[in-house]
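Structure assessment
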Amino acid sequence: MEITRQATDAERLLESLGQLPEPMAKPVFIAVSGLPGTGKSYFCARLAERLLFIILESDALRRVLFPVPDYSAEESSRLFQAVHLLIEKLLKKGLSLILDATNLSERNREYLYRIAERLGMKLILVRVEAPAEVVRQRLASRLKNQESKSDADWRVYQQMKSSVEKIRCQHFAVDTSRNITPVLDKIVRQASR
Ligand SMILES: Nc1ncnc2c1ncn2[C@@H]1O[C@H](COP(=O)(O)OP(=O)(O)O)[C@@H](O)[C@H]1O
Ligand SMILES: [Mg+2]
């Protein structure tokens, strides 16, 4: 039963992506990690301008399965089960992708490590950060302008702060209050290898 639902959910998410790019011989798997407002979606969008990537934005995919999200543990669990299956499907098809989700706990990231391992590929992981005061201002104006798929505000940021766990494997780090180009360059170089 579980597996059927996971497959149906993943299929719906896949359909929501619209037309997919051409497959390639060596697809690239990238994931970001960071609190709300640190600039993950902004960073992913800049990266996707440089390389042909499907962006899997958890905030957007959540609305495909849950038009009125409640952000409960059950909802997130069902969402990410489908997302993980979708990631594996896309990579197997030869499509490069960026997972745009908070990915704060090592337990959550563990799924991504395992997918990469199973497919014998490298996961490029990026820790996205910004000073708290910058985040506070960004979240305030993001909500005001309704320019994002995310509902997270400063309170959510503060609540989620305690879930941040150190990333145990090698990864990139970027402070989005500064120039992000050097890190974009490095990732593009590593992805093209
Ligand atoms: N480097 C940046 N330069 C300018 N604005 C940015 C930058 N990074 C993020 N923002 C803006 O800050 C807000 C929060 O960033 P966003 O990417 O939505 O964060 P997240 O996806 O991590 O929640 C958005 O309105 C975004 O456009
Ligand atoms: Mg976002």
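Let me begin by describing the structure that accompanies this report. (Residues numbered from 1 in each chain as written. Chains lettered and ligands numbered in written order. Predicted model: local features only at pLDDT ≥ 70, side-chain atom pairs only at ≥ 80, totals over all residues.)

1. Points about the site of ligand 1
- Taken together, the neighbourhood of ligand 1 is formed by 15 residues, with Gly39, Lys40, Ser41, Tyr42 and Arg138 sitting nearest.
- Taken together, the residues of the shell around ligand 1 break down into three nonpolar, eight polar and four charged. (Near = placed C-beta within 6 Å. Nonpolar A, V, L, I, M, F, W, Y, C, P; charged D, E, K, R; others polar.)

2. So, helix α4 (residues 73-93)
- Its 21 residues place the ends of α4 30 Å apart at the C-alpha level, agreeing with the 30 Å of an ideal helix rising 1.5 Å per residue.
- Taken residue by residue, α4 has Leu79, Ala82, Val83, Leu86, Ile87 and Leu90 as its buried positions. The buried residues of α4 occupy an angular sector of 150° when projected down its axis, which confines them to one face. Turned more than 90 degrees away from the buried face of α4, the exposed residues are Ala73, Glu74 and Ser77.
- Those residues of α4 hidden inside the fold are in contact with α1 (2-16), β2 (54-57), α3 (58-65), β3 (97-100) and α5 (106-119).
- Two residues or fewer after α4 comes glycine 94, characterised by a positive phi angle close to 90°. (Helix = DSSP H or I, 4+ residues; strand = E, 2+ residues; numbered from the N terminus. Expected span 1.5 Å × (residues − 1). Buried ≥ 20, exposed ≤ 12 C-beta atoms within 10 Å, placed from the backbone. Arc of directions from axis to C-beta. Contact = placed C-beta atoms within 7 Å.)

3. Structural notes on the sheet that holds β2
- The parallel open sheet is built from five strands, whose spatial order is β2-β3-β1-β4-β5. Every interior strand has two partners, whereas the edge strands, β2 and β5 (172-175), have only one. Averaged over neighbouring strand pairs, the angle between their axes works out to 20° when direction is ignored.
- Its contacts with the sheet put α3 on β2 and β3, and the angle it makes with β2 is roughly 70°. (Pairing = 2+ DSSP bridges. Axes fitted to C-alpha atoms, helices over the stretch in contact; angles between N-to-C directions.)

4. Some words on helix α2 (residues 40-50)
- All of the buried residues in α2 are Lys40, Ser41, Phe43, Cys44 and Leu47. An end-on view of α2 places all buried positions within 155° of arc, on one side of the element.
- Summarising the contacts, the buried residues of α2 are in contact with β1 (29-33), β2, β3, β4 (123-129), β5 and α8 (181-192).

5. Remarks on the pairing of β1
- Of all five residues in β1, five are buried, a share of seventy percent or more.
- Side chains Phe29, Ala31 and Ser33 of β1 all project onto a buried face; the interleaved residues Ile30 and Val32 project onto the opposite face, where all are buried too.
- As defined by bridge partners, β1 adjoins β3 across three bridges and the pair is classed as parallel. The residue bridging phenylalanine 29 from the neighbouring strand is leucine 97, located in β3.
- Inspection of the sheet shows β1 paired to β4 by five bridges, in the parallel sense. What sits directly across from isoleucine 30, in β4, is isoleucine 124.

Just geometry here; none of it tells us what the structure is for.
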